[in-house]
Amino acid sequence: MPAVRVSRKGADRFASGHPWIFSSDVTDRGTAQPGDAVRVVDARGRVIGTAHYSSTSQITLRMLSDRVEDIGREFILRKLSEAAEFRKRVVGKSDAYRLVHAEADRLPALVVDRYGNCLVIQTLSQGMDRAKPLIVEALTAQFAPDSIVARNDAGVRDRESLPREVAVLAGADPGRIAVAMSGLRFHVEPMLGQKTGIFLDQRENYVAAASYAHGIALDCFCSSGGFALHLAKFCSHVEAVDSSVEMLALAEQNRLANGIENVSFKEANAFDLLAGYVAAGRHLDTVVLDPPAFAKSRTALDAAVRGYKEINLRALKLLASGGILVTCSCSHHLSEALLLEVVAEAALDAHRTLRVLERRTQAQDHPILLTVPETHYLKCLILEVL
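Residues numbered from 1 in each chain as written. Predicted model: local features only at pLDDT ≥ 70, side-chain atom pairs only at ≥ 80, totals over all residues. Heavy atoms only, no water.

Colleague: Whenever I open this one, the nonpolar core confuses me. Can you help?
Modeller: One recurring pattern in soluble globular proteins: nonpolar side chains tend to sit buried together. Counting residues in hydrophobic clusters, the biggest one holds 39 residues, and the most contacted among them are Tyr115, Phe227, Leu231, Val263, Phe265 and Val326. Core analysis: the next-biggest nonpolar cluster, separate from the first, contains 32 residues, Leu273, Leu318, Leu334 and Ala347 among them. (Core = buried A, V, L, I, M, F, W, Y, C linked by side-chain atoms within 4.5 Å. Buried < 20%, exposed > 50% of the residue type's maximum accessible area, 1.4 Å probe, protein only.)

Colleague: Quick question: what am I supposed to make of the pairing of strand S16 (residues 263-267) here?
Modeller: Strand residues, when the strand is regular, have side chains that alternate between the two faces of the sheet. As defined by bridge partners, strand S15 (residues 237-242) adjoins S16 across five bridges and the pair is classed as parallel. By the bridge assignment, Ala240 is partnered in S16 with Phe265. With helix H7 (residues 245-257) bridging S15 and its parallel neighbour S16, the resulting β-α-β unit is right-handed. (Pairing = 2+ DSSP bridges. Helix = DSSP H or I, 4+ residues; strand = E, 2+ residues; numbered from the N terminus. Right-handed = clockwise from strand over helix to strand, strands pointing away.)

Colleague: Where do I start with unusual backbone geometry in this structure?
Modeller: Leave glycine aside and you will find that most residues have negative phi; peptide bonds, for their part, are mostly trans. You will see that Ala144, though not glycine, has its phi angle at about 45 degrees, which is positive. Along the chain, the position of Ala144 falls in the loop between helix H4 (132-143) and strand S10 (147-152). You can call Ala144 exposed: its relative accessible area is 52%. Residue Ser161 is not a glycine yet carries a positive backbone phi of 55 degrees.

Colleague: Is there a simple way to explain the pattern of salt bridges in this structure?
Modeller: Opposite charge on two side chains permits them to pair, given that their charged atoms come into close proximity. The full count for this structure, using the stated rule, is 31 salt bridges. One salt bridge connects Glu239 with Lys266, and the closest N-O pair in it is separated by 4.0 Å. Of this pair, Glu239 sits in strand S15 while Lys266 sits in strand S16, and the two are 27 residues apart along the sequence. Residue class for Glu239 comes out buried when judged on its relative accessible area of 12%. Glu310 serves as the salt-bridge partner of Arg314, at 2.7 Å between the closest nitrogen and oxygen. Of this pair, Arg314 and Glu310 both sit in helix H9 (residues 301-316), four residues apart, roughly one helical turn. Overall, Glu310 belongs to the partly exposed group, its relative accessible area being 29%. Several salt bridges share partner residues, and in doing so they unite Asp66, Arg67, Glu69 and Arg78 into one network. (Salt bridge = Lys/Arg side-chain N within 4 Å of Asp/Glu carboxyl O.)

Encoded structure:
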């Protein structure tokens, strides 16, 4: 196993609980090749663990273990088994969930989502991509899925000099799959849908938001209808909007599959629609804001803050006393504290007083490691207008 030497700063970072060691903290790459499992040593030559090595990413080392061990079939099977046992404890009423959440399951850069009997994987580093055959073999041995799909079309692979691809790795093309989620049925197309098919991280927030929703509701950035269809049971009518015609078509099929009559879908830009409703003097009882990440990098944070404030301001102007605002951010760089500050400023500008009902995050099958802040990315606030 090749040895890679790191500075004291790099070793201390791992000792503090974070599995990433950056390029600037690597002092000697030795004979390491792209995607190798390597032995990591500190400035004195003492072994600190085993990592996947990347030749191009700023994250040069992704630590896999605090000792030297073979990163082979048995290692992967053990980690998959641990991840599966955790999901048995935290996932209920759904056969669609995240089975492996990368760093949070101590398998950095590996994502595995389950949709019924189809597994969708993302291998987002050189090391995990090279281990793909072993991963497929281990998943097949442990879960016997009908199909395994690679959704390796994420932009992060560019940093690893890896091609973007979507491919069936085992079994047949899954086509469209029906999955269960909190008593509702949703259609998923693993080869075509957003991320690995649908957004799984909001699953628990759908249920929480629905418990407060009432009256006339508006769901902005509705995607395949997750919030809208859950809200329908508690609202007289839900209008759901998105700019993607493809997502709206899938959302409509989900509505029909559940026999829901009081949800309507509309193609629209959410910012423009909200501005139009404010200008028209409309009033709503529940508004959901679940936009895509506005801050995909730290340099985009200032612009993102302006975007989050503006969209929340427009939504609040539509809500009177007793109204419910569900507002989300999936931007890792926007902390919960900053989101609360942004929404508070929007509330002051809209002359609304807000009560915080719940402060939520991603579903439990997307676990958060206390010492790895990157694993905590989704924020969901449920607020009531007083």
